[in-house]
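Examination of the molecular architecture
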Amino acid sequence: MRPRPPITGRGIFSGTGLIVIALAATVVALLVPLWSYAGRQDPASASLLSTRTVTTPYGPLSAQDRDFVTKVRLAGLWELPAGELAQRKGTTPAVRTAGQHLIDGHTSLDAHVRTVATQLGVTLPNEPNAQQKQWLATLRAAEGQDFDRQFAGILRLAHGRVFSLVAQVRAGTQNSLVRDLADDANATVLDHIKILEATGYVDFSALARDLAASASPVPTPPEVDPDAAVPVVPSPGETYALPPAATGPPPATVSP
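Definitions and limits used
Residues numbered from 1 in each chain as written. Predicted model: local features only at pLDDT ≥ 70, side-chain atom pairs only at ≥ 80, totals over all residues. Heavy atoms only, no water. Helix = DSSP H or I, 4+ residues; strand = E, 2+ residues; numbered from the N terminus. Contact = heavy atoms within 4.5 Å. Areas by Shrake-Rupley, 256 points an atom, 1.4 Å probe, with all protein chains shown as cover. Axes fitted to C-alpha atoms, helices over the stretch in contact; angles between N-to-C directions. Parallel < 35°, antiparallel > 145°, perpendicular 65-115°, else oblique. Left-handed = near helix turned anticlockwise from the far one by under 90°. Nonpolar A, V, L, I, M, F, W, Y, C, P; charged D, E, K, R; others polar. Expected span 1.5 Å × (residues − 1). Polar contact = N/O pair within 3.5 Å; in protein donor to acceptor, adjacent residues only side chain to side chain. Salt bridge = Lys/Arg side-chain N within 4 Å of Asp/Glu carboxyl O. Buried < 20%, exposed > 50% of the residue type's maximum accessible area, 1.4 Å probe, protein only. Core = buried A, V, L, I, M, F, W, Y, C linked by side-chain atoms within 4.5 Å. pLDDT = per-residue confidence, 0-100. Phe/Tyr/Trp six-rings, centres within 6.5 Å; stacked < 30°, edge-to-face > 60°.

**Here we look at the overall build of the protein chain**
Along the backbone of the protein chain there are eight helices and two strands. Across the protein chain, every contact between residues at least 6 apart in sequence was considered, and the portion connecting residues at least 24 apart equals 81%. Of the roughly 15,300 Å² of accessible surface on the protein chain, a fraction of 60% belongs to carbon and sulfur atoms.

**Topic: the packing of helix α5 (residues 130-141) against helix α6 (residues 144-172)**
For the pair α5 and α6, the least separation of the axes is 9 Å and the interaxial angle reads 160°. Judged on the interaxial angle alone, α6 and α5 are roughly antiparallel. Handedness of the crossing formed by α5 with α6: left-handed. Contacts from W135, T138 and L139 of α5 reach α6 at F147, Q150, F151, I154, L155, A158 and R161. Tallied by class, the residues present in the contact of α5 with α6 amount to seven nonpolar, two polar and one charged.

**Concerning helix α4 (residues 93-120)**
Taking 1.5 Å per residue as the helical rise, α4 with its 28 residues ought to reach 40 Å, and the 40 Å between its terminal C-alpha atoms agrees with that figure. Where α4 ends, the next residue or the one after it, G121, has phi of about 70°, a positive value.

**Points about the environment of H192**
With respect to the helices, strands and loops of the structure, H192 is situated in helix α7 (residues 176-197). For the pair H192 and L155, spaced 37 residues apart in sequence, the C-alpha to C-alpha distance is 8.6 Å. Separated by 3.2 Å, the side chains of H192 and H159 make a polar contact.

**Things to note about the side chain of T188**
Mapping T188 onto the fold places it in helix α7. Look past the residues within four positions of T188 in its chain and what remains in contact with it is G105 and L109.

**Notes on the packing of α6 against helix α8 (residues 204-212)**
Where α6 meets α8, the closest approach of the two axes is 10 Å, and the angle between their N-to-C directions is 45°. As the angle between them shows, α6 and α8 are arranged oblique. Crossing of α6 over α8 shows right-handed handedness. Side by side, α6 and α8 meet where R156, L157, G160 and R161 of the first sit next to L207, D210 and L211 of the second. Its residues placed into classes, the contact of α6 with α8 shows three nonpolar, one polar and three charged.

**Brief notes about the pattern of salt bridges**
The full count for this structure, using the stated rule, is seven salt bridges. One salt bridge in this structure joins R73 and D110, with 2.8 Å as the shortest N-O distance. A residue pair is termed long-range when its members are at least 10 positions apart, and R73 in helix α3 (residues 63-89) and D110 in helix α4 qualify at 37 residues. Classification of D110 as buried rests on a relative accessible area of 1%. Connected via shared salt-bridge partners are R73, D110 and R114.

**A few points about the nonpolar core**
In terms of nonpolar packing, the biggest core is built from 19 residues, with F68, V69, L120 and L181 touching the most fellow members. Among the elements of the structure, α3, α4, α6 and α7 are those that each provide at least two residues to this core. Formed by 18 residues, the second largest nonpolar core is a distinct cluster that contains L85, A86, I154 and L196.

**Considerations on the environment of L102**
Within the fold, L102 resides in helix α4. On the accessibility criterion, L102 (0% relative accessible area) is buried. Sequence-distant contacts of L102, defined by excluding residues within four places in its chain, comprise E79, G83, F151, L155, H159 and H192.

**A word on the confidence of the model for the protein chain**
On average, residues of the protein chain carry a pLDDT of 78, and 64% of them reach 70 or more. The low-confidence segment residues 27-50 (pLDDT under 50) makes one contact with residues lying over four places distant or belonging to another chain. In the predicted structure, residues 238-256 sits below a pLDDT of 50 and forms 10 contacts with residues beyond four places in sequence or in another chain.

**Quick word on the packing of aromatic side chains**
Within this structure, the stated rule accounts for two aromatic pairs. Relative to W135, the ring of W78 lies with its centre 5.0 Å away and its plane at 40°, an arrangement referred to as tilted. A residue pair is termed long-range when its members are at least 10 positions apart, and W78 in helix α3 and W135 in helix α5 qualify at 57 residues.

In structure tokens form, the structure reads like this:
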């Protein structure tokens, strides 16, 4: 009886076998990098995270948290003087009312941020940054209705920029003190946005363009120990009573 000839296409080197081998090799190639890097962490990345986020009794404090605390302080350093300018130079009751809201809001918010900074060990500036000083110079130079327009436009732009930052910090911070500060800042900023818009001088088309444009970087003012931060308070002798509440026009009289 003659032996049967070998059947081609069978065994490990058949078409099916080659496909199985190729698939197995692919799986090994994918898994080997995962096994080799499992449990490993880039020392540089770990070092960067440790220097940017610190542990506090109130929860982790991130670089974004510290930046937010600094910006809340900066807001009071220039917006309260801007409110005082509006009280003196505003030509309408609505502009002067907006100025009073800035004074009241940032007097309270600044006290809050200085307390938080002391508890968290965050250094604070004692003067506005370069951009804020420029805005104040613009307001000091303006007169009449030009002042009203400049005041409403500049302050509304600044509040629009910080409003999104407050929301971002409030949504992501793990620090309870920063959350409380963000809640306070959110209420204050929203109040100021509404009262500035009520002046009737906000150009919303220009505002949208300015908000869409990226803000140019400005120098950071010198930092000081949180306990040495000078309180932001209204200037003595420069407080003004709020104008009377707006009322509707007097009823028309009919001549006999």
